[in-house]
Amino acid sequence: MIIYDGQPCGLQEIPKEIISGFSEASQRKCETGDAKGHWLVPCLTCSDNRTCDWRAISWQPYQCHHPLFQRHELQQCLKDRKIIFIGDSTNRGMMYYLMERVNGSLQEWQKTHDMKLYQNINSGRTRISYSYYPQFWIDMRKRPTFEEALVHLIKRSRPLENTNQTVLVAGGVQWLNPDHLQIIHKVLKRENLLDILVIIKSIGMGFHLPVHGIRSLSPVQVKQLSGENRLILKTAKLYGYEVVDTFSITMGRYKEFLQGKCGCHFHEAGPLLENTQLTDDLSLQTALWILVLKSKQVKERKMKLLKNYTFFGKIFPHVYDNLSYLKSLYHVQGPVNQVYSEILLSRMCT
């Protein structure tokens, strides 16, 4: 889908001068969440996308990099902080990704379309609040305004510090406009919260493919999104807010927008056991449980689990008790959601 006239679309070979600049970019941290960049994918030839390894695709800013924090670093960064999310399902996807990164697993997941408070994050040291907006299924005359929804969320989340220990993350697919940023400023001033950290998730691609019963955009309207997005980013910076530019990230991968009447976003959640690879980011005990349960599934009932299990020199007792718990955990999937969620974390912890 061509967004910018005069620019090519599809796979393009990377110029040598850009490749030579990758090393320098890796030494410089991005100072904003809207650093220009592109998706990189290794291919044998750009003329045939069947020769590409799409599992290795990555987002690369042109002149800098967004730091990737280890789990213990995120836990320290978010210690004693309160994070308030207001937005649609794309905003909620970022929240669930954050919760999983900090905790090592996602203990609960649901398509929340209301207000939800979470107190089990970071061993209880991080509090998260979420409010779904806009509630498009409610009659326009009864639907809460953005100001009403934000004020209600703030009141439910108190007490709040008027420092960057309080973080407000606002945005969604395409409902956000500069007027909402003015409302945020007005509400925060009235609530004596002007010094909190505000991060604006800009608009993204979506509703561009025709789906029965779902709003869709024409090619002309899709092009107009770019101008609207630039205005949102400019207005956010005028208010001193941080930004995460999801438009540039989602533009090249618009076909991965999961459309449907109950979910429009670049992520999905599923059982942890089925969708998680063992990585350093998982807690040691969670990784142990996954190994044990997978081994149990392979051998089914032929293998008896020991009451004590040794893993990397450490002994964890009563593995039996943790198997049912592990089955109830979830994992957030989606490479596009992962990229802009990591940028969100970098703006919180820069």
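Computed from a predicted model, the values in this text were never measured in an experiment.

About the cut-offs
- Residues numbered from 1 in each chain as written.
- Predicted model: local features only at pLDDT ≥ 70, side-chain atom pairs only at ≥ 80, totals over all residues.
- Heavy atoms only, no water.
- Pairing = 2+ DSSP bridges.
- Helix = DSSP H or I, 4+ residues; strand = E, 2+ residues; numbered from the N terminus.
- Axes fitted to C-alpha atoms, helices over the stretch in contact; angles between N-to-C directions.
- Polar contact = N/O pair within 3.5 Å; in protein donor to acceptor, adjacent residues only side chain to side chain.
- Contact = heavy atoms within 4.5 Å.
- Disulfide = S-S within 2.5 Å.

Looking now at the sheet that holds strand β7 (residues 197-201). Here 6 strands make up an open sheet; going across it, the order is β4-β5-β3-β6-β7-β8 and the pairing mixed. The sheet terminates laterally at β4 (115-121) and β8 (242-244), the two strands that pair on one side only. Within the sheet, the average angular offset between the axes of one strand and its neighbour, ignoring direction, is 20°. In this sheet, strand β5 (residues 126-132) lies alongside β4 in antiparallel orientation, the contact comprising 5 bridges.

Before going further, it helps to examine the side chain of Arg253. For Arg253, the position within the fold is in the loop between α8 (246-251) and β9 (268-271). At 2.7 Å, the side chain of Arg253 and the side chain of Glu256 are in polar contact. For Arg253, the contacting residues outside a window of four places in its chain are Trp39, Ile57, Phe266, Pro335 and Val336.

Turning our eyes to something else, we now look at the state of the cysteines. Overall, the coordinates contain 3 disulfides when judged by the stated rule. The disulfide partner of Cys30 is Cys64, and the gap between their sulfur atoms is 2.0 Å. Classification of the bridge connecting Cys30 and Cys64 rests on its S-S torsion, roughly 90°, and on that basis the disulfide is right-handed. Residue Cys30 is located in the loop between α2 (22-25) and β1 (37-40), and its partner Cys64 is located in the loop between β2 (58-61) and α3 (71-77); the two are separated by 34 residues in the primary sequence. Covalent S-S linkage joins Cys77 and Cys349, the inter-sulfur distance amounting to 2.0 Å. Its S-S torsion of approximately -90° makes the covalent link between Cys77 and Cys349 left-handed. Note that Cys77 is positioned in helix α3 and Cys349 in helix α12 (residues 335-349), a separation of 272 residues in sequence.

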